[in-house]
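Below, each chain spelled out in residue letters.
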Amino acid sequence: TRSSPSTLGGGGGLMGPGRCGVRLERYASLACRCRRATTAAPASGRTRREARAMASSTTTTTTTMRIDSHLHVWAPKERADEYPYYGSLIGSAKANEPPMPGHVEVLLQEMESAGVSKAVIIQPGNHMFDHAYVSHVLREHPDKFVGVLLANPAGGPSAGARELERLVTEEGYVGVRFNPYLWDRDNGETMDNAVGRAMYERAGQLGVPVSHMPFKGLLGHLKEITALAEAFPQTKFIVDHFGFCKCGDLQSEEWQALLSLGREYPQAYVKLSAAFRVSEQEYPYADVRQATRNLIESFGKERLMWGTDFPWVTEQPRGYVGAWSIIAASDEAAGEALLTREEEEHIFHKTARSLFPKLGKQG
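Residues numbered from 1 in each chain as written. Predicted model: local features only at pLDDT ≥ 70, side-chain atom pairs only at ≥ 80, totals over all residues. Heavy atoms only, no water.

Caption draft 1: Region of interest: the overall build of the chain. Tallying secondary structure elements over the chain gives 14 helices and eight strands in all. The buried share among the 363 residues of the chain stands at 59%. Taking the intrachain contacts of the chain between residues at least 6 apart in sequence as the baseline, contacts between residues at least 24 apart amount to 82%. Total accessible area on the chain is roughly 14,600 Å²; 49% of this is exposed by carbon and sulfur atoms. (Helix = DSSP H or I, 4+ residues; strand = E, 2+ residues; numbered from the N terminus. Buried < 20%, exposed > 50% of the residue type's maximum accessible area, 1.4 Å probe, protein only. Contact = heavy atoms within 4.5 Å. Areas by Shrake-Rupley, 256 points an atom, 1.4 Å probe, with all protein chains shown as cover.)

Caption draft 2: Highlighting the sheet that holds strand 1 (residues 67-71). The eight strands lie next to each other as 1-2-3-4-5-6-7-8, forming an open sheet whose pairing is parallel. The open sheet has two free edges, formed respectively by strand 1 and strand 8 (304-307), since each of these has just one partner strand. With strand direction ignored, the average angle separating the axes of adjacent strands in the sheet is 25°. Sheet topology places strand 3 (residues 145-150) next to strand 4 (residues 175-178); three bridges connect them, and they run parallel. (Pairing = 2+ DSSP bridges. Axes fitted to C-alpha atoms, helices over the stretch in contact; angles between N-to-C directions.)

Caption draft 3: Structural view of unusual backbone geometry. Cis geometry is adopted by the peptide bond preceding Pro284, which originates at Tyr283 and carries an omega value of 10°. Checked against the element boundaries, Pro284 lands in the loop between helix 9 (275-278) and helix 10 (287-299). Residue Tyr285 is not a glycine yet carries a positive backbone phi of 60°. Mapped onto the fold, Tyr285 is located in the loop between helix 9 and helix 10. For Arg318, which is not glycine, the phi dihedral falls at a positive 75°.

Caption draft 4: How the structure looks around the packing of aromatic side chains. For the structure shown, the criterion picks out eleven aromatic pairs. Geometrically, the ring pair formed by Trp74 and Trp312 is edge-to-face, given 5.8 Å between the ring centres and 70° between the ring planes. With a gap of 238 residues between them, Trp74 in the loop between strand 1 and helix 3 (104-114) and Trp312 in the loop between strand 8 and helix 11 (319-323) connect regions that are remote in the sequence. Given a relative accessible area of 0%, Trp74 falls into the buried group. Ring centres of Phe178 and Trp183 lie 5.2 Å apart, and the angle between their planes is 45°; on these two criteria the pair is classed as tilted. You'll find Phe178 and Trp183 in the same group, each marked buried. (Phe/Tyr/Trp six-rings, centres within 6.5 Å; stacked < 30°, edge-to-face > 60°.)

Caption draft 5: Geometry of the side chain of His131. Relative to the elements of secondary structure, His131 occurs in the loop between strand 2 (118-122) and helix 4 (132-140). Setting aside chain neighbours within four positions, we find His131 in contact with Gln123, Leu149, Leu150, Leu167 and Tyr173.

Caption draft 6: Quick peek at the environment of Asn179. By the element assignment, Asn179 lies in the loop between strand 4 and helix 6 (194-206). For the pair Asn179 and Met213, spaced 34 residues apart in the sequence, the C-alpha separation amounts to 5.5 Å. Within the structure, Asn179 has its side chain in polar contact with the backbone nitrogen of Tyr181 (distance 3.0 Å). (Polar contact = N/O pair within 3.5 Å; in protein donor to acceptor, adjacent residues only side chain to side chain.)

Caption draft 7: Fine view of the pattern of salt bridges. Applying the stated criterion across every chain, the model contains 15 salt bridges. Across the pair Arg293 and Glu297 runs a salt bridge whose closest N-O atoms are separated by 3.9 Å. Of this pair, Arg293 and Glu297 both sit in helix 10, four residues apart, which is roughly one turn of that helix. Look at Glu297 and you get exposed, because its relative accessible area is 60%. (Salt bridge = Lys/Arg side-chain N within 4 Å of Asp/Glu carboxyl O.)

Caption draft 8: Main features of empty space enclosed by the protein. Across all of its chains, the model carries three cavities of 30 Å³ or more by this definition. Taken as a whole, the largest cavity encloses approximately 80 Å³ of empty space. Per-element tally for the lining of the largest cavity: the top contributor is helix 11, with three residues. The residue makeup of the lining of the largest cavity, split by class, is eleven nonpolar, six polar and no charged. (1 Å grid on protein atoms, 1.4 Å probe; cavity = no way out; pocket = protein on both sides within 12 Å on 5 of 7 lines; lining within 4 Å. Points joined across faces, edges and corners; volume = space filled by probe spheres on them. Nonpolar A, V, L, I, M, F, W, Y, C, P; charged D, E, K, R; others polar.)

Caption draft 9: Structural context of the confidence of the model for the chain. Residues at a pLDDT of 70 or more form 79% of the chain, whose mean pLDDT is 86. This stretch, residues 32-62, has a pLDDT under 50; its non-local contacts, to residues over four places away or in other chains, come to 31 contacts. (pLDDT = per-residue confidence, 0-100.)

Here it is, written out as structure tokens:
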């Protein structure tokens, strides 16, 4: 078996040291590769074509469109003065440095290699509530990306809801992320307090979904999630990363709780993202297969969507391209297809386009 990365919510949380030396070497390697690509394109484009061919050889043979429903971008450390960091993610050597390259130039290369057309950017925790870099990326690449803002529970009920509305109506964000660990839980504050309710309700009124990140376990936040869902059923909500439910025991209480959300709340969605965080096996994470099938049975294909959790996935076996090969590689090992063509189309792009209509309006 394998252990999942120990990060406080990946791009959505803040925390201290990790494998700094390895990650800094990785940072230098990826950053150097990105600089080479942006300054001198290969004469024939052969490298990228070969990468796409390699990706397609290990993934489905269909031409299904790919939309990455969950990834992050953060500014390169060289631009920290312009786009400052407000905390240290796991693996960062310093509070003002990212743990690995996560800027948009690196992402665009990875997307091209994997045949990914569009993506949903989640505001990362190391930029906290300063959305300047993500907003910059959205303006520079309006046909590629849509953005999900990070909800700010500080400042009272009206302050958080007003900022949420501003980012949606003025800067074009299409969703809101609730990170429960940004609430003052030591003093009893939870996502369903007055601040959370005001933001959650306003999100529904604006027609944008709320994403939940139960990094420390779904059961610890289930009461908050269901309280909000019942109080404001018009607000669609998403549970990130398979609900952070470990796939080694699909009969566990947390798995049964996640599946029950699909049966009881028609406005509930799940991201089949960051498989490396929930699998207890090596790539291609065979235990994720039955978990995915169980989720299809409870939620239906129309409420599930695939995501990678870039840039964290770049440190995992097979990296970003490999994240799009998980199902096909496990199909090969199992000797049968996990998904029908229709299920694949919904999970790889149709659900995301339905939930975030702006994706469908892009080129």
